[in-house]
Amino acid sequence: MSSIDGCGFRRSAGSFLLFMALCLLAGCGGGGGGTTGTANNNSTVTPSNESVGTPGNGSTGTTNDSTGPTSNGGTGTTGNDSTNVSVQASGSTLYQANCQGCHQPLASSTKLNKTAAEIQAAITANTGGMGSLATLSAGEIQSIADALKTTEAIPSFNTTNSDVFQLNGSAVLSNNNIRLTPNEQYTAGSAFLANPFTLGSNFVFNAYFNFTLGAGGRSNRHADGFVFALQTVSSKAGATGGNLGFGGIKPSFGVEFDTFKNDGNNDPDNNHVAIVTNGSVQHAAFAPVTPSVTMSDGGTYHVWIDYDGATVEVHMNTTNDRSTSSLLLAKAIDLKSIFSTQYVYFGFTGATGIDSQTQDVGAFYLTSNYQTGGFSPAP
Ligand code: HEC
């Protein structure tokens, strides 16, 4: 049901790829989701298996092939810090109250990408009667401007742009990357855009990032992996959670890059990619896919995640050339039904358990101006 063809995707010039789809109905789980693994001949990273991870697939959680049940960050339940709703989160609310009546709903505003200075100037000049908004503070106008942004483009992470991402838990800047976790046992970290990002009408977006999973822990075993996540809880979510730092963050949607086999999660192996939702990394509903490369081998992997309002696709490649990337997953999913707002935090969570590895994210691009083919060529 989620084969590439079944999702209605055609590859053009070998450039379409990936990925994921999800069914919210429990009945869609299990046998669903198998990417064919055969259609991406031009690609350098191909899904190598039919999907596995059917519910109750015989794993009892006791035969953990490496370290026992405590890896994968344990079963931590409270991956969020729901007390924090940042000041900036009011950007969409402020827009609704003060601008929407004249400039359309936020996601389709006629003032997308207007800067705080431009908004202030229009207020000062009483353009179209906007003078009545003179009571808005500079901070509130900035929040509105943040909500009107349609792109993020971060080729590398450093002190000059470090305020764009909120780093939590073990996450630090390291060598132009965000290092979600060090190669140490039992850590959890996350990095989310400090300001929520407004998804396009129909909740659409394109994202690109790259990652490198480096040195491993005991006997060079690698754990646990990380999650590309969208959530509406807080820019500080995921600092303490288990389950790849994603545990308990709800509502949420993510794609996990999992390098440790936790039988209790129906993990197929120690090298899989899967859709995850609402703070759970169990694979009962969404079948994981195993890429042809070993994600934790220290190589840098490039990932495109695209949502057109109906289907999520995940593409991966060993270079930043999208045209030769592989479609790992393509799954139908309704983000509208997960999020009640189009104003969401984008970012990453990661964790280590008794086994560990460094987990770095090296670039991040995002747009709400959905384009078929995503960031192609990659930034
Ligand atoms: C009472 C209606 C009204 C409200 C409320 C209003 N505007 Fe406007 N605004 C206008 C009109 C009319 C113009 C001039 C025509 C145009 O540019 O759309 C304008 C112009 C602007 C401009 C300058 C022109 C440009 O595109 O650079 C900006 C920026 C702007 N508005 C942003 C906002 C923001 C942000 C809000 C909410 C804080 C807001 N407006 C609230 C009616 C309104």
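Residues numbered from 1 in each chain as written. Predicted model: local features only at pLDDT ≥ 70, side-chain atom pairs only at ≥ 80, totals over all residues.

## Focus: the overall build of the protein chain
Each helix and strand counted, the protein chain has five helices and 15 strands in total. Across the protein chain, the fraction of contacts at a sequence separation of at least 24, relative to all contacts at a separation of at least 6, is 75%. (Helix = DSSP H or I, 4+ residues; strand = E, 2+ residues; numbered from the N terminus. Contact = placed C-beta atoms within 7 Å.)

## Notes on the site of the ligand
In the neighbourhood of the ligand, 17 residues make up the surrounding shell, with Cys99, Cys102, Lys114, Ala122 and Gly128 lying closest. Residue assignment for the shell around the ligand shows that the elements contributing at least two residues are α2 (100–103) and α3 (116–124). (Near = placed C-beta within 6 Å.)

## As for the pairing of strand β4 (residues 177–181)
Counting buried positions along β4 gives five out of five residues, so the element sits mostly inside the fold. Here strand β3 (residues 172–174) runs beside β4; their pairing, made up of three bridges, is antiparallel. When the sheet's bridge partners are listed, Leu173 is paired in β4 with Ile178. If you look at the hairpin formed by β3 and β4, you'll find two residues sitting between the two strands, and Asn175 has a positive phi there, around 55 degrees. (Buried ≥ 20, exposed ≤ 12 C-beta atoms within 10 Å, placed from the backbone. Pairing = 2+ DSSP bridges.)

## Quick notes on the pairing of strand β10 (residues 272–277)
Counted residue by residue, β10 has six buried out of six residues, so it is predominantly covered. Side chains His272, Ala274 and Val276 project from β10 onto one buried face, and the interleaved Val273, Ile275 and Thr277 project onto a second face that is buried too. Where strand β9 (residues 252–258) meets β10, six bridges bridge the pair, whose relative direction is antiparallel. By the bridge assignment for β10, Gly254 is matched with Val276.

## Regarding the environment of Thr151
Take Thr151: it is sitting in strand β1 (residues 151–154). Judged by local crowding, Thr151 falls into the partly exposed class, with 13 C-beta atoms found within 10 Å. Sequence separation of Thr151 and Asn206 is 55 residues, and the distance between their C-alpha atoms is 9.5 Å.

## As for the environment of Asn168
Residue position: Asn168 is located in strand β2 (residues 165–169). Since 24 C-beta atoms lie within 10 Å of it, Asn168 is described here as buried. Residues contacting Asn168, with those up to four places away along its chain left out, are Gly189, Ser190, Ala191, Lys236, Gly238 and Ala239.

## Overview of the nonpolar core
Counting 82 residues, the largest nonpolar core has Ile144, Phe209, Val227, Val303 and Val314 as the members making the most contacts within it. In terms of domain composition, this core takes at least three residues from each of domain 1 (5–84 + 152–367) and domain 2 (88–149). If we skip the residues at most four places from it in the chain, Phe209 touches Phe228, Val303, Val361, Ala363 and Phe364. (Core = buried A, V, L, I, M, F, W, Y, C linked by C-beta atoms within 7 Å. Domains from an automatic or database assignment.)

## As for the confidence of the model for the protein chain
The share of residues in the protein chain with pLDDT of 70 or more is 76%, and the mean pLDDT across the chain is 81. Predicted confidence is poor over residues 49–89, with pLDDT under 50, and the contacts of this stretch with residues over four places away or in other chains come to 120 contacts. (pLDDT = per-residue confidence, 0-100.)

## A look at the packing of helix α1 (residues 90–98) against helix α4 (residues 138–147)
In the contact formed by α1 and α4, the axes pass within 8 Å of each other and the chain directions differ by 100 degrees. In this view, α1 runs roughly perpendicular relative to α4, as classed from their interaxial angle. Contacts between α1 and α4 involve Ser90, Gly91, Ser92, Leu94 and Tyr95 from the first element and Glu140, Ser143, Ile144, Asp146 and Ala147 from the second. Its residues assigned to classes, the contact of α1 with α4 shows four nonpolar, four polar and two charged. (Axes fitted to C-alpha atoms, helices over the stretch in contact; angles between N-to-C directions. Parallel < 35°, antiparallel > 145°, perpendicular 65-115°, else oblique. Nonpolar A, V, L, I, M, F, W, Y, C, P; charged D, E, K, R; others polar.)

## Section: the packing of α3 against α4
As a packed pair, α3 and α4 sit with axes 8 Å apart at the nearest point and diverge in direction by 125 degrees. Our classification of the angle between α3 and α4 gives oblique. In this structure, the crossing between α3 and α4 has a hand that is right-handed. For the pair formed by α3 and α4, the contact residues are Ala116, Ile119 and Gln120 on the first element and Ile141, Gln142, Ile144 and Ala145 on the second. Per-class residue counts for the contact of α3 with α4 are five nonpolar, two polar and no charged. (Left-handed = near helix turned anticlockwise from the far one by under 90°.)

## Some details on α1
Of the residues making up α1, those classed as buried are Gly91, Ser92, Leu94, Tyr95 and Asn98. For α1, the angular spread of the buried residues around the axis is 160 degrees, confining them to a single face. The inward-facing, buried residues of α1 abut α2, α4, β6 (197–198) and β14 (343–351). (Arc of directions from axis to C-beta.)

## Some remarks on unusual backbone geometry
For the bond from Ala223 to Asp224, the omega torsion is 0 degrees, close enough to zero to count as cis. Looking at where Asp224 falls in the secondary structure, it is placed in the loop between β7 (205–216) and β8 (225–231). Backbone torsion omega between Lys250 and Pro251 reads 0 degrees, so that peptide bond is classified as cis. As for its position among the elements, Pro251 is in the loop between β8 and β9. Of note in the backbone geometry, Asn202 takes a positive phi value of approximately 70 degrees without being a glycine. Mapped onto the elements, Asn202 comes out in the loop between β6 and β7.

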